[in-house]
Amino acid sequence: MTDWDGELNQARLHVVSGKGGTGKTTVAAALALALATGGHKVLLIEVEGRQGIAQLFDTAPLPYAEEWIAAAPGGGEVRALAIDAEPALLEYLSMFYNLGFAGRTLRKMGAIEFATTLAPGLRDVLFTGKIKECVGRTDERGRHVYDAVVVDAPPTGRVVKFLDVTRAMADLAKVGPIREHSDGVVRLVHSSDTVVHLVTLLEELPVRETLETVAELDAADLRPGGVMFNRVRPNRLPPRSVAAASDGRVDAARVRTGLAAAGVHVDEETLDGLVHETIEHAIRARAEDEARRQLAATDLPSVSLPDLTAGIDVAELYELAEILTEHGIRSPR
């Protein structure tokens with residue numbers, strides 16, 4: 001793996017994905033706080049309808065509105081938005097066809113749910129379209145409203161399809177404002193303004209899926225960002241001891257002598273338990289080393305985030321954000 005690439009900090013859209021259970025929502029929230037550090041304004045978006053952001057920040061469920069959710073060190077702020085298909089479609093119709101009233105009628109008829117069910121890709125088109133609008137929005141002085149936008153995206157198995165859905169459904173509109181808007185979405189996600197960060201645990205299945213996703217991103221001409229190793233636990237053994245211990249070669253008598261020298265005396269059952277735990281720890285450490293080796297082949301920058309055994313609350317999010325800023329992650333100047 002390489003150090004954090006300063007060019008990644010020039011991106012304005014940071015998409016965060018990972019295999020289910022790797023903690024991608026937590027990492028996305030911490031990344032938003034890191035990017036907001038130093039007086040920046042960042043929007044954190046979720047698209048899966050799980051209200052994961054609200055749970056992390058211990059707030060009420062997010063509406064379809066950009067609401068303040070956290071302050072960042074140095075005077076920055078994070079706002080959050082949970083995109084929902086129905087209001088997104090109503091907004092879309094109003095924006096391009098001036099169908100505000102008709103849209104409300106469609107909602108009463110249940111036509112919106114019918115349409116997004118009939119064409120599942122339409123839901124993702126609406127989501128990516130809203131994301132593009134947030135990234136490109138400017139104020140009266142022509143400055144971007146948000147210095148960066150972070151998206152808690154679908155899992156790695158679906159993220160490429162999610163990002164490229166507008167290109168795949170290009171035939172929905174051949175000409176007109178919707179086609180122009182769709183082309184804008186395609187240009188954004190395939191530009192240097194967009195990077196896709198991948199969250200993984202140092203375990204076989206998440207690592208394999210991460211490697212497959214990097215290949216899929218490359219094939220789709222989407223830009224991989226960094227790899228976030230989440231919930232990393234420290235290795236308690238010296239490197240030279242890992243190989244032997246992982247093969248079950250632990251000298252119990254030596255362990256007993258070392259404990260006695262430290263003033264700790266244990267019975268046989270406790271000693272056996274300590275030896276077993278040492279072997280399990282070494283097996284995990286060896287597997288993690290192999291996972292790092294495999295991921296190093298991608299030549300992508302990486303950041304290791306610790307396993308916070310007490311769980312995740314707002315204080316821990318700031319702790320993770322500080323680690324990210326220490327690795328050089330920041331909003332574009």
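Up top is the structure these notes are about.
Scoring rules and cut-offs
- Residues numbered from 1 in each chain as written.
- Predicted model: local features only at pLDDT ≥ 70, side-chain atom pairs only at ≥ 80, totals over all residues.
- Heavy atoms only, no water.
- Helix = DSSP H or I, 4+ residues; strand = E, 2+ residues; numbered from the N terminus.
- Buried < 20%, exposed > 50% of the residue type's maximum accessible area, 1.4 Å probe, protein only.
- Contact = heavy atoms within 4.5 Å.
- Polar contact = N/O pair within 3.5 Å; in protein donor to acceptor, adjacent residues only side chain to side chain.
- Pairing = 2+ DSSP bridges.
- Core = buried A, V, L, I, M, F, W, Y, C linked by side-chain atoms within 4.5 Å.

What follows is about the overall build of the protein. Looking only at helices and strands, the protein has 14 helices and eight strands in total. For the protein, buried positions account for 46% of its 333 residues. If you take every contact in the protein between residues at least 6 apart in sequence, the share linking residues at least 24 apart comes to 75%.

For the rest of this paragraph, the subject is helix α11 (residues 239-246). Every buried residue of α11 is accounted for by Val242, Ala244, Ala245 and Ser246. Next to the buried residues of α11 lie α13 (268-296).

It is worth spelling out the side chain of Arg284 at this point. On the secondary structure map, Arg284 appears in helix α13. Only 3.1 Å separates the side chain of Arg284 from the side chain of His281, close enough to count as a polar contact. In contact with Arg284, other than residues within four places in its own chain, are Arg233 and Pro234.

The phi angle of most residues is negative, glycine excepted, and most peptide bonds adopt the trans form. The backbone phi angle of Gln51 is positive, close to 55°, even though this residue is not glycine. Looking at the secondary structure, you find Gln51 in the loop between β2 (41-46) and α2 (52-56). Of note in the backbone geometry, Asp299 takes a positive phi value of approximately 60° without being a glycine. Residue placement: Asp299 occurs in the loop between α13 and β8 (302-306). You can call Asp299 exposed: its relative accessible area is 52%.

Once that is clear, we can look at the pairing of strand β5 (residues 148-152). Counting buried residues in β5 gives five out of five residues, a clear majority hidden from the surface. With burial as the criterion, each face of β5 is covered, one bearing Ala148, Val150 and Asp152 and the other bearing Val149 and Val151. Sheet analysis places strand β1 (residues 13-18) next to β5, joined by four bridges and oriented parallel. The residue of β5 that forms the bridge with Val16 is Asp152.

Counting residues in hydrophobic clusters, the biggest one holds 42 residues, and the most contacted among them are Ile45 and Ile131. If one sorts the elements of this core by residue count, helix α6 (residues 120-136) sits on top with seven residues. Filtering out sequence-adjacent residues up to four positions away, Ile45 remains in contact with Ile53, Leu81, Ile83, Ile131, Cys134, Val149, Val150, Val151 and Asp152. Ala28, Ala29, Leu33 and Ala82 belong to the second largest nonpolar core, which has 41 residues in total.

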